[in-house]
Amino acid sequence: DTMKAAGFGRIVNVTSLAGQNGGTIASPHYAAAKAGAIMLTKYFAQYLAGTGVTVNSVCPGPLSSAKGRISEQQIARIESLVPIGRFGEPSEIAGAVAMLASDRGGFFVGATLDMNGGLFMR
């Protein structure tokens, strides 16, 4: 309500590829939660449209920060599935969040930016 009253605000939810296609190694409860976050983004984007507040999500695919939690075999399998052949970097996601949170992000409303190296295209 504070942003709405001010006539300006940016909300950027970080969701996941798992919320769109189940992901490459995600559990069902994680995928379901992220799908819910994507839909919540769209709901609030529509609700706040026209108030100066935008709501969007960034939907990362596999990130290098996950490599320490999965096996070398899983890393190789995922890299073979990603068209650009690598995991994303957290800094790449941060750049998209910064853009959506800026004045330049004002025309994005209810968007889900897919950042997955081509693993999921729509």
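Small disclaimer: the values here were computed from a predicted structure and weren't measured. (Residues numbered from 1 in each chain as written. Predicted model: local features only at pLDDT ≥ 70, side-chain atom pairs only at ≥ 80, totals over all residues. Heavy atoms only, no water.)

1. A look at the overall build of the protein
Secondary structure assignment for the protein yields five helices and three strands. Shown N-terminal to C-terminal, the secondary structure of the protein runs as helices and strands in the order α-β-α-α-β-α-α-β. Its C-alpha atoms give the protein principal-axis dimensions of about 50 × 25 × 25 Å. Taking all 122 residues of the protein together, 33% fall into the buried category. Residue pairs in contact within the protein that sit at least 24 positions apart in sequence constitute 70% of those at least 6 positions apart. (Helix = DSSP H or I, 4+ residues; strand = E, 2+ residues; numbered from the N terminus. Buried < 20%, exposed > 50% of the residue type's maximum accessible area, 1.4 Å probe, protein only. Contact = heavy atoms within 4.5 Å.)

2. Description of the pairing of strand S2 (residues 53–60)
Summarising burial for S2: eight of the eight residues are buried, a large majority. With burial as the criterion, each face of S2 is covered, one bearing Val53, Val55, Ser57 and Cys59 and the other bearing Thr54, Asn56, Val58 and Pro60. One ladder, built from six bridges, connects strand S1 (residues 9–14) with S2; its direction is parallel. Residue pairing across strands places Val14 opposite Val58, the latter belonging to S2. Summarising the sheet, S2 and strand S3 (residues 112–115) pair through four bridges and their orientation is parallel. Looking at S3, one finds that Ser57 is bridged to Thr112. (Pairing = 2+ DSSP bridges.)

3. Details of the sheet that holds S1
The strands that make up a sheet pair up through hydrogen bonds in the backbone, lying either parallel or antiparallel. Spatial strand order, S1-S2-S3: three strands in an open sheet with parallel pairing. Of all strands in the sheet, those with a lone pairing partner are S1 and S3, marking the two edges. Adjacent strand axes in the sheet meet at a mean angle of 20° when their direction is disregarded. Relative to the sheet, helix H3 (residues 28–48) contacts S1, S2 and S3, its axis offset from that of S2 by approximately 160°. The strands touched by helix H5 (residues 90–101) within the sheet are S1, S2 and S3, with S2 carrying the most contacts at an inclination of about 170°. (Axes fitted to C-alpha atoms, helices over the stretch in contact; angles between N-to-C directions.)

4. Observations regarding the packing of aromatic side chains
Taken as a whole, this structure holds three aromatic pairs when the rule is applied. Between the aromatic rings of Tyr43 and Tyr47, the centroid separation amounts to 6.4 Å while the plane-to-plane angle is 5°, which identifies the pairing as stacked. Of this pair, Tyr43 and Tyr47 both sit in helix H3, four residues apart, roughly one helical turn. Tyr47 sits in the partly exposed class, given a relative accessible area of 45%. (Phe/Tyr/Trp six-rings, centres within 6.5 Å; stacked < 30°, edge-to-face > 60°.)

5. A word on H5
Between its terminal C-alpha atoms H5 stretches 16 Å, which fits the 16 Å expected from 12 residues at 1.5 Å a residue. Elements that come into contact with the buried residues of H5 comprise S1, S2 and S3. (Expected span 1.5 Å × (residues − 1).)

6. Topic: the layout of surface pockets
Roughly 450 Å³ of internal volume is contained in the largest pocket. Taken together, 22 residues line the largest pocket, and the ones lying closest to its centre are Ser16, Tyr30, Gly61, Pro62 and Ala66. Tallied by class, the residues present in the lining of the largest pocket amount to 14 nonpolar, seven polar and one charged. (1 Å grid on protein atoms, 1.4 Å probe; cavity = no way out; pocket = protein on both sides within 12 Å on 5 of 7 lines; lining within 4 Å. Points joined across faces, edges and corners; volume = space filled by probe spheres on them. Nonpolar A, V, L, I, M, F, W, Y, C, P; charged D, E, K, R; others polar.)

7. Description of the side chain of Asn56
The topology assignment puts Asn56 in strand S2. Looking at Asn56, the relative accessible area reads 0%, which means it is buried. There is a polar contact of 3.0 Å between the side chain of Asn56 and the backbone oxygen of Phe108. The residues touching Asn56, leaving out its near neighbours within four places in the chain, are Ile11, Val12, Asn13, Thr41, Leu100, Phe108, Val109, Gly110 and Ala111. (Polar contact = N/O pair within 3.5 Å; in protein donor to acceptor, adjacent residues only side chain to side chain.)

None of the figures reported here should be taken as evidence of function without further support.
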